[in-house]
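# Structural overview
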Amino acid sequence: SGRSEDRGEILNLLGLLHWHTGKYNVALGYYLRSQEAFEEANDRQGASGVLNNLGLLYIELGAYDKALEYLLASLAIKSEMGDQASLGTTLSNIGNVFLYRKETAKALEYYLQGLELQKATGDKQGEGTVMTNIASVYLQLGNPAKALEYCTACLQLAREIGDRRIESYALAEIGAACELQDR
């Protein structure tokens, strides 16, 4: 019903608000109630969004197994719905979980899938963000040349779209790659 969808959206927004103010347990409560409301309304898109947010919150809390559980559930719904626009972001978020768990091969696999989708859907910000993540993986693998390849492409993209945040990430990764090359 429309009321349940509205309730789900409001609860999700309250969760975001509390997450961004560092009140993680309060955010968790709102997200879980939002998930219930979206399920009650049979709103698959809303449910996939809040599952993604739950995954991100659990990443923040360092509970990577729980984060992966929610992100994979979000991914399944988005895949089933053919939601290409947000699928790339969720794939990249899953890559983040594996990067934090030091599972670089799996992180790279998810990042590359996410990058492909973000390029296909024209999500330039997502594309730039995942390129810096891919560069981070290559730095962890001790491959600064490959990291620089992604950093410089990211820097060019960031400047094309005027995104200073992504530009700063690209420059930081370029610095790290150059430092690693000099060793």
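First, a word on what this report is: a plain description of the structure on this page. (Residues numbered from 1 in each chain as written. Predicted model: local features only at pLDDT ≥ 70, side-chain atom pairs only at ≥ 80, totals over all residues. Heavy atoms only, no water.)

## Some words on the packing of aromatic side chains
Counted under the stated rule, the structure contains 4 aromatic pairs. Measuring from ring centre to ring centre gives 5.9 Å for Tyr-138 and Tyr-150, while their planes differ by 15°; the resulting arrangement is stacked. Taken as a pair, Tyr-138 in helix α7 (residues 124-140) and Tyr-150 in helix α8 (residues 144-161) lie far apart in primary sequence, 12 residues in all. The class of Tyr-150 is buried, set by a relative accessible area of 15%. (Phe/Tyr/Trp six-rings, centres within 6.5 Å; stacked < 30°, edge-to-face > 60°. Helix = DSSP H or I, 4+ residues; strand = E, 2+ residues; numbered from the N terminus. Buried < 20%, exposed > 50% of the residue type's maximum accessible area, 1.4 Å probe, protein only.)

## A look at the pattern of salt bridges
Taken as a whole and judged by the stated rule, the model has 8 salt bridges. Taking the shortest distance from any N to any O, the salt bridge between Glu-80 and Arg-44 comes out at 2.6 Å. Within this pair, whereas Glu-80 is found in helix α4 (residues 64-81), its partner Arg-44 is found in helix α3 (residues 44-60), the two being separated by 36 residues in sequence. Its relative accessible area of 60% is what places Glu-80 among the exposed residues. Between Glu-167 and Arg-159 there is a salt bridge whose closest N-O contact spans 2.9 Å. By sharing partners, the salt bridges in this structure join Asp-65, Arg-101 and Glu-103 into a single network. (Salt bridge = Lys/Arg side-chain N within 4 Å of Asp/Glu carboxyl O.)

## Things to note about the nonpolar core
Counting 49 residues, the largest nonpolar core has Tyr-31, Ile-94, Tyr-111, Ile-134 and Tyr-150 as its most contacted members. Secondary-structure elements contributing two or more residues to this core are α2 (24-40), α3, α4, α5 (84-100), α6 (104-121), α7, α8 and α9 (164-181). No other element matches α8, which puts 8 residues into this core. Residue contacts for Ile-134: discarding those within four places in its chain leaves Leu-108, Tyr-111, Leu-112, Leu-115 and Tyr-150. (Core = buried A, V, L, I, M, F, W, Y, C linked by side-chain atoms within 4.5 Å. Contact = heavy atoms within 4.5 Å.)

## Details of the side chain of Asn-53
The residue Asn-53 is located in helix α3 in this model. Residue contacts for Asn-53: discarding those within four places in its chain leaves Asn-12, Leu-16 and Tyr-31.

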